[in-house]
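Notes for the structure review
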4 protein chains.
Amino acid sequence: MSDNTYGKLFRVTSWGESHGEAIGCVIDGCPPGILLTEAMIQAALDRRRPGSSKFVTQRQEADKVKILSGVFEDDRTDGPRTTGTPISLLIENTDQRSKDYSDIRDLYRPGHADFTYDAKYGLRDYRGGGRASARETAMRVAAGAVAWQVLTHLYGSDISITGALIQMGTKKIDPARANRTHLNDNPFFCPDPAAAQDWEAYLDQIRKNGSSVGGLVEIIAHGFPAGLGAPTAGKLDAELAQALMSINAAKAVEIGAGLEAASLTGEENADEIRMGPDGPEFLSNKAGGILGGISTGQDIIARIAIKPTSSILTPRKTISREGEEREIITKGRHDPCVAIRAVPVAEAMMALVLADQALRHRGQCG
Amino acid sequence: MSDNTYGKLFRVTSWGESHGEAIGCVIDGCPPGILLTEAMIQAALDRRRPGSSKFVTQRQEADKVKILSGVFEDDRTDGPRTTGTPISLLIENTDQRSKDYSDIRDLYRPGHADFTYDAKYGLRDYRGGGRASARETAMRVAAGAVAWQVLTHLYGSDISITGALIQMGTKKIDPARANRTHLNDNPFFCPDPAAAQDWEAYLDQIRKNGSSVGGLVEIIAHGFPAGLGAPTAGKLDAELAQALMSINAAKAVEIGAGLEAASLTGEENADEIRMGPDGPEFLSNKAGGILGGISTGQDIIARIAIKPTSSILTPRKTISREGEEREIITKGRHDPCVAIRAVPVAEAMMALVLADQALRHRGQCG
Amino acid sequence: MSDNTYGKLFRVTSWGESHGEAIGCVIDGCPPGILLTEAMIQAALDRRRPGSSKFVTQRQEADKVKILSGVFEDDRTDGPRTTGTPISLLIENTDQRSKDYSDIRDLYRPGHADFTYDAKYGLRDYRGGGRASARETAMRVAAGAVAWQVLTHLYGSDISITGALIQMGTKKIDPARANRTHLNDNPFFCPDPAAAQDWEAYLDQIRKNGSSVGGLVEIIAHGFPAGLGAPTAGKLDAELAQALMSINAAKAVEIGAGLEAASLTGEENADEIRMGPDGPEFLSNKAGGILGGISTGQDIIARIAIKPTSSILTPRKTISREGEEREIITKGRHDPCVAIRAVPVAEAMMALVLADQALRHRGQCG
Amino acid sequence: MSDNTYGKLFRVTSWGESHGEAIGCVIDGCPPGILLTEAMIQAALDRRRPGSSKFVTQRQEADKVKILSGVFEDDRTDGPRTTGTPISLLIENTDQRSKDYSDIRDLYRPGHADFTYDAKYGLRDYRGGGRASARETAMRVAAGAVAWQVLTHLYGSDISITGALIQMGTKKIDPARANRTHLNDNPFFCPDPAAAQDWEAYLDQIRKNGSSVGGLVEIIAHGFPAGLGAPTAGKLDAELAQALMSINAAKAVEIGAGLEAASLTGEENADEIRMGPDGPEFLSNKAGGILGGISTGQDIIARIAIKPTSSILTPRKTISREGEEREIITKGRHDPCVAIRAVPVAEAMMALVLADQALRHRGQCG
């Protein structure tokens, strides 16, 4: 992965700032002959879109994606098919309200990348966070939708990748009550309908207070074969860790037992194996579907901790570019819990990593 | 990072199996003119070496590193200096006892990579875990010592990277009692001498039971400037997450507040800023020294959870390559807590990531 | 360089087909703070533009480039400055006449990539050659203009990169009469005005016959310092060879003495060295400014042979996708000598390679 | 390709200086399950070895290669098989005579990389040319032997890659008399026995004069399928150009018609197509087996011009490190025509590029 490129064989290079003319990405290395329509990508984007409830930023953009290259259709194809050449995706920025941000061009917002971008580059596009804005993640979701087409092409339609918000602030769900069929019944991708109701009141209060709260996202990839991954640097879990930690506001990544593994004994941790009707079966999944950096065929389970939005209405201490000590309140349209929108992004990153590993595996091992 | 290569400009490619003739690595992209001796690398290796106490594997190898290329000395240089060409490091495998492993060539050890390597490659070097053995991490420590020379060349001798074991199994240290000056006073890299004594009895019992236990490692990089990192895929924290998760037995990576960030409010999480005598100062460090993927100049703080060794003396259910259901006890020389040895490895990975980011930063930004 | 990406630190990923909605590229790794306007890029594109004389394809497109990201301007900057984040460039395809190509969707044009794209991908966008069209080179010229800004930023305004057509078909110029001040006085980038007049009649006849002819392009980079390049795989000449051979229709790349070096003796070939007023001076330049893959500080000299356009009006034997034997005449708007348009593209590729090597050099060696 | 790494999926990282302890390489990404013995690699090295006739350097080294990792054998395998993990190859330097070079540590030999390495790195290992020595090419030949095993695994035993010296200094062979069955009947890899006899006297005279001479090498890859390659940067011919130009002393690379293409008309150049008994057949091969950067299934034909050895016994003008004007005679053991030894190196580079492209193709296109 280069600075703005995810993947090695299935490579996604993203570009664009929050308040520039557009954002986009180029996908290079996609297999040819795969059905790909703008509607498929749009459906993925619509899950992530701002404005879908009062709990996410009220920026009203259609976020209409365009496929500019890499797909071809004529009367001999049954729809647009990938050609194996680079796929360029673009979304125009239409609702930018640049004025909202003019007062912060000289102030470093605590918890934001304002200070560090200036430290690195000497200048920055401060409008809406520029390149550091979560808006960039729209392109990851779009690219993830292409990766998903590749994965179903390779492994059939029984695979799934589902993300869920399993903790909002101090409120964790009871795993015993979680049921992923409910994920889309509530505005939080929450697998427990009762918890979702509780969260609604909780987050409403947070929002009214001008505050924000973090969350924990869990992503499960189901139905993938054993054998995806690589030793050492290219471990599947290592690449997932990079991909997931690269999501805005992520502060921790867990695989399987995760942090809890530190407290366990060898007897508690290592998953025993027995033969099942369709081959080897593990009696537990502390490994999160990955051993030695290579998939076991079990569910691949990852979690990411997302920090609370740093834009809040409480005055905070900061400094200006010139070093004056100041107070700041970050106005504007913001999410009281960005972890909600991180759910489809995390699904997309899982899809990108798996598609890339799958193609690399096919390249090396046939 | 390719499958066995860490880094982009400062690139370390590792090779070798636990019971082959040797292990080694090639470091490409090292700046020229840097003092580098075998003794410098050896000192780093000796911190990690097996056999240094009863709590780590009793494999007795000198682990003598040789520099085979990339360094030159004559009567005009004040010692061996890097030339800018690839540095090849090699350690011979001298104490292999291949017989120990002959009984497991057909059995998949639970928690080990035996099953997944076979699933991926169709065959494997089963002796001592082959490529999946923790022995590979010796080369990361060796390469980390080279990275360290680069970093002190760039940033002076006031920087530091120190790892500590802050939790062993269920026993966590009290942060208030931690003091990193004690790290080398005990066999655990434990910053609290009292806890270290407690751990000694605890781990002794674990070892006698033929069991094992996990642990939590914390690495702190101090004295590094603001501005290291990159947007999106190349974020400093994303690359750290990949590097640290690629360590054998790692199951979670945290940056700064880490998992706890999920429970916090925006007020609690975002670090406020004031001017100090030497420039901007943050009033807290929930960010772990990284904002928007770029260093803030504060301490860079990461933690990794290490699972317990999977090799234990309790019989465990497994299957053979042919699918027969079997029991297995993993004999041999093993660590009751591999997290101890993960400490110098984690320090090395932090050094590798920082050296690579530092050179890339210099390349792009001057 | 990945499949559609040029460079390592200064990376250009190009996308787009001849008759899709648009073509574009993403430049990642550009240093921040560099002045960059659409007009600067447009000026480079205009040198290459189709329709500028009767000797290049009559496709009438404005080829107006847009900068979509990576550049920022406000009242504190003296114009648009690069921010260090990805620069996205886009040119809309406005004059596509897709109908011209409908009769060749089932026929493989001799000398074109129709057959090989189908062999690789199983399908292709046949309109205007799709991804294999020389139209893609517009983005290289655009990216080359950005690279040029980087190079003048690094090395000042005394550097130059100039391409010239020094042979058209069987007609070579006399080096003794060449003078690069005349390059833009004629439609051929020919350094000898008398030869240019001769070529005009020659090429007019070729064009009227419905035929085409090849050419030889020479690119000279002047004023660059010694020390750019790398050993073995990353040699400056090796990367130039890849970059130049990747230009459509290129069949040979020479550095310095080039092919002639095969006939020389050691005495004739090796450039002797003396001290000049400003440092070492070579008494000749058979090396073409590169020794051991690293620049000497002399002029860097490369040449590429460009084959004749394969689209001609003479009937040619070919087969259809279904394997029927057929004759084909390639109608449409085409260049009788594509080597003319290869001149600015070759300049751009030289600039891309030098910018990338310069930044990598700064990263490794400071 | 990174600075010392060839390839993307099949990656070869070379290391080592002429007079260090050893030279070696690491091959990452090799498919598992492929038979690989030291004898196979040794056979390739023996073709290239110094000391095999009076026309190549008299350095007497066994050049015994060792495989240190990545291969495994037990009683269930029918020999050593690759495991899919990195393959480390090593050759010890045993006959170094460092004293020969002590007088040139302060002088820049004309035509050598002495000056440019100092310009880039500020210091260099001057013994025998250090990293810039042709000795490094031994590892390319070794790695090429591994690539060859991969290629026969993929495409069967009817493929071939053969290099020939088709011009020595001013003496070109008559293509009509060339017959590749004679390549190993003479010390020059010359396909025309009569020419070989003539060359023997010619080169003997060159050698006695203390002079040297260049040459032209042609490599033909036969039996490879259509469809290998990629658009734009990853073109098969572009990657071949980089790989071949990276060979020491290379000054030009041609594909198919090569330089001659500049003089041809479209009618003469584009290869017509007809149906043959086994599928499409081209009526000529001006393309050298590559169209649009992708293989056609015809013979892949490349040529490289190799400059004359720069080490000659005639006194030459040069300067010292301190800028004094001096004369130099390069004594030592040298080749009067290094193009001879470039033949097996060029074959190896062709094999490396094809193996890498083949695996990438399988990864993307199945």
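Residues numbered from 1 in each chain as written. Chains lettered and ligands numbered in written order. Predicted model: local features only at pLDDT ≥ 70, side-chain atom pairs only at ≥ 80, totals over all residues. Heavy atoms only, no water.

**Quick word on the overall build of chain A**
For clarity, the threshold we go by: Only runs of H or I of at least four residues qualify as helices and only runs of E of at least two qualify as strands under DSSP, and these elements are numbered from the N terminus. As defined in this context, the radius of gyration uses C-alpha atoms, and a globule is described by 2.2 Å times the residue total to the power 0.38. A simple rule labels every residue: compare its accessible area, found with a 1.4 Å probe on the protein chains alone, to the largest value its type can have, and call it buried under 20%, exposed over 50%, or partly exposed in between. The contact rule is simple, with two residues in contact once any of their heavy atoms fall within 4.5 Å. Per-residue accessibility takes into account occlusion by the displayed protein chains alone, with areas from the Shrake-Rupley method and a 1.4 Å probe.
Counting secondary structure elements, chain A contains seven helices and 18 strands. A compact globule built from 366 residues would reach a C-alpha radius of gyration of about 21 Å, and chain A, at 21 Å, matches this within 12%. Expressed as lengths along the three principal axes of its C-alpha atoms, the size of chain A is roughly 65 × 55 × 40 Å. When each of the 366 residues of chain A is scored for burial, the buried share is 69%. In chain A, the proportion of contacts linking residues at least 24 apart, taken out of those at least 6 apart, comes to 71%. Summing over all exposed atoms, chain A offers an accessible surface of approximately 11200 Å²; the carbon and sulfur share of this is 48%.

**Here's the deal with the interface of chain C and chain B**
Cut-off, in case you're wondering: Using a 1.4 Å probe, buried area is obtained as the accessible area two parts lose upon being combined, added over both of them. One side-chain nitrogen of Lys or Arg within 4 Å of one carboxyl oxygen of Asp or Glu is enough to make a salt bridge. Under the convention adopted here, Pro, Cys and the residues Ala, Val, Leu, Ile, Met, Phe, Trp and Tyr are nonpolar, Asp, Glu, Lys and Arg are charged, and Gly plus all remaining residues are polar.
Chain C puts 15 residues into the contact, and the matching count from chain B is 15 residues. Taking both sides of the interface into account, the surface hidden between chain C and chain B amounts to around 1000 Å²; carbon and sulfur atoms contribute 59%. Three residues, Arg362, Gly363 and Gln364 of chain C, lead the burial of chain C against chain B; their summed loss comes to 48% of the area buried on that side. The tally of links from chain C across to chain B stands at zero salt bridges. Class assignment of the residues belonging to the side of chain C that touches chain B gives a composition of seven nonpolar, six polar and two charged.

**Digging into the sheet that holds strand E3 (residues 22-28) of chain D**
Residues and elements named next belong to chain D. What counts here: A pair of strands is treated as paired once DSSP finds two or more bridges between them. Helix axes are fitted to C-alpha atoms over the stretch in contact, other axes to C-alpha atoms as well, and angles between N-to-C directions run from 0 to 180 degrees.
On the basis of which strands lie adjacent, the open sheet formed by five strands has the order E1-E2-E3-E7-E4 and antiparallel pairing. Since the sheet does not close on itself, it has two edges, and those belong to strand E1 (5-6) and strand E4 (65-67), each with one partner. Its contacts with the sheet place helix H1 (residues 38-48) against E4 and strand E7 (87-92), and it is angled at close to 150° to E4.

**A word on the pattern of salt bridges**
With the rule as written, the count across this model stands at 128 salt bridges over all chains. In this structure, Asp74 of chain A and Arg76 of chain A form a salt bridge, with 4.0 Å as the shortest nitrogen-oxygen distance. The salt bridge involving Asp204 of chain C is made with Arg207 of chain C; its shortest N-O contact spans 3.0 Å. With a gap of three residues between them, Asp204 of chain C and Arg207 of chain C both fall in helix H4 (residues 193-208), about one helical turn apart. Arg207 of chain C sits in the partly exposed class, given a relative accessible area of 32%. What you see here is one network of salt bridges that share partners, running through Asp3 of chain A together with Lys8, Glu239, Asp356 and Arg360 of chain B.

**Things to note about the interface of chain B and chain A**
Going by this rule: As used in this structure description, the phrase polar contact means that two N or O atoms lie within 3.5 Å; if the pair is within protein, one of them must be able to donate a hydrogen and the other to accept it, and residues adjacent in sequence are counted only when both atoms belong to side chains.
Opposite the 103 residues of chain B that make contact, chain A presents 103 residues. For the pairing of chain B and chain A, the buried interface totals around 8200 Å² over both sides, and the portion due to carbon and sulfur atoms is 57%. Area buried by chain B at its contact with chain A is led by Lys120, Lys251 and Arg274 of chain B, which between them contribute 9% of it. There are eight salt bridges connecting chain B and chain A. One salt bridge connects Arg274 of chain B with Glu327 of chain A, and the closest N-O pair in it is separated by 2.8 Å. Where chain B touches chain A, the interface holds 60 residue pairs in polar contact (both at pLDDT 80 or more). In terms of residue class, the side of chain B that touches chain A is made up of 43 nonpolar, 37 polar and 23 charged.

**Some words on unusual backbone geometry**
Look at Phe189 of chain A: it is not a glycine, yet its phi comes out positive at around 50°. Relative to the assigned elements, Phe189 of chain A resides in the loop between strand E9 (171-172) and helix H4 (193-208). In this structure Phe189 of chain A comes out as buried when scored by relative accessible area, which is 9%. Its identity is not glycine, yet Thr232 of chain B carries a phi of approximately 50°, on the positive side. Summarising the element assignment, Thr232 of chain B is placed in the loop between strand E10 (215-222) and helix H5 (236-245).

**Some thoughts on the relation of the copies chain C and chain B**
Where we set the bar: The copies were overlaid with a least-squares fit restricted to C-alpha atoms from residues scoring a pLDDT of at least 70 in each copy.
You can overlay chain C on chain B at an RMSD of 0.0 Å; the transform is a turn of 180° with a shift of 0.0 Å along its axis. One copy is carried onto the other by what is essentially a two-fold rotation axis. Ranked by how close their C-alpha atoms come to the rotation axis, the residues of chain C are headed by Gly363 of chain C, at 1.8 Å. Interface overlap between copies is the fraction of interface residues in one copy that are interface residues in the other; for chain C against chain B it reaches 100%, indicating a shared surface.

**Focus: the sheet that holds strand E4 (residues 65-67) of chain A**
All names here are of chain A. Read from one edge of the open sheet, five strands run E1-E2-E3-E7-E4, paired in antiparallel fashion. Where the open sheet ends on each side, the last strands, each with one partner, are strand E1 (5-6) and E4. Note: E1 against strand E2 (residues 11-16), two bridges, orientation antiparallel. Across the sheet, residue Thr5 finds its bridge partner in E2, namely Thr13. Running at roughly 150° to E4, helix H1 (residues 38-48) makes contact with E4 and strand E7 (87-92) of the sheet.

**Concerning the relation of the copies chain B and chain A**
Screw-axis analysis of chain B against chain A gives a translation of 0.0 Å along the axis, an RMSD of 0.0 Å, and a rotation angle of 180°. Interface overlap between copies: 100% of the residues of chain B at the interface are likewise at the interface in chain A, consistent with a symmetric, same-surface contact.

**Quick look at the pairing of strand E8 (residues 160-168) of chain A**
Residue and element names in this part refer to chain A. Burial within E8 is extensive, with seven of its nine residues counted as buried. Bridge analysis of E8 against strand E10 (residues 215-222) gives eight bridges, and the strand direction is antiparallel. Across the sheet, Met168 pairs through a bridge with Gly215, a residue of E10. With two bridges joining them, E8 and E9 adopt antiparallel strand pairing. Looking at E9, one finds that Gln167 is bridged to Lys172.

**Here we look at the packing of aromatic side chains**
One pair of aromatic rings is described through two measures. These are the centre distance and the angle between the planes. For clarity, the cut-off: Note on ring pairs: Phe, Tyr and Trp rings are taken, using the six-membered ring of Trp, and paired if centres are within 6.5 Å. Classes follow the plane angle, with under 30 degrees stacked, over 60 edge-to-face and the rest tilted. Two thresholds decide whether a charge sits over a ring: the Lys NZ or Arg CZ must be within 6 Å of the ring centre and within 35 degrees of the ring normal.
On inspection of all chains with the given rule, the structure shows 24 aromatic pairs over all chains. Measuring from ring centre to ring centre gives 5.4 Å for Tyr108 of chain B and Phe115 of chain B, while their planes differ by 75°; the resulting arrangement is edge-to-face. Members of the aromatic cluster, each reached through a chain of ring pairs, are Tyr108 and Phe115 of chain A together with Phe282 of chain B. Positioned above the aromatic ring of Tyr202 of chain B, the side-chain terminus of Lys171 of chain B is 5.2 Å from the ring centre.

**Thoughts on the packing of H1 of chain D against helix H3 (residues 137-155) of chain D**
Residue and element names in this part refer to chain D. To keep things clear, this is the line we draw: Any angle between 65 and 115 degrees counts as roughly perpendicular, while under 35 counts as roughly parallel, over 145 as roughly antiparallel, and the rest as oblique. Left-handed is the label given to a crossing in which the near helix is rotated counterclockwise from the far helix by less than a right angle, and right-handed is the label when the rotation is clockwise.
For the pair H1 and H3, interaxial distance at closest approach is 9 Å and the crossing angle is 135°. By the angle between their axes, H1 is oblique relative to H3. Like other packed secondary-structure pairs, H1 and H3 cross with a definite hand, here right-handed. Mapping the contact onto sequence places Met40, Ile41, Ala44, Leu45 and Arg48 in H1 and Thr137, Ala138, Val141, Ala142, Ala145, Val146 and Gln149 in H3. Broken down by class, the residue content of the contact of H1 with H3 amounts to nine nonpolar, two polar and one charged.

**Considering the state of the cysteines**
The condition is simple: For this text, the term disulfide refers to a pair of cysteine sulfurs within 2.5 Å.
Scanning the entire structure with this criterion turns up zero disulfides over all chains. With no disulfide partner, Cys365 of chain C has as its closest neighbouring cysteine sulfur the one in Cys30 of chain B, 9.9 Å distant. Residue class for Cys365 of chain C comes out partly exposed when judged on its relative accessible area of 21%.

**Side note on the confidence of the model for chain A**
Keep this limit in mind: Known as pLDDT, the predictor's confidence for each residue is given on a scale from 0 to 100.
Chain-level pLDDT for chain A is 93 on average; 93% of the residues reach the 70-or-more range. Model confidence for the complex: the whole-complex pTM is 0.96, and ipTM, which rates the interface, is 0.95.

**Examining the pairing of E10 of chain A**
Residues and elements named next belong to chain A. With respect to burial, E10 is a largely interior element, seven of its eight residues being buried. Bridge count between E10 and strand E16 (residues 300-306): seven bridges; the pairing is antiparallel. Residue pairing for E16: Ala221 is matched across the bridge by Ile300.

**Structural notes on the environment of Leu352 of chain B**
Residues and elements named next belong to chain B. Secondary-structure assignment places Leu352 in helix H7 (residues 339-365). As for Leu352 and Arg47, which are separated by 305 residues in sequence, their C-alpha atoms are 17 Å apart. Discounting chain neighbours no more than four positions away, the residues touching Leu352 are Phe10, Val12, Arg140, Ala143, Gly144 and Ala147.

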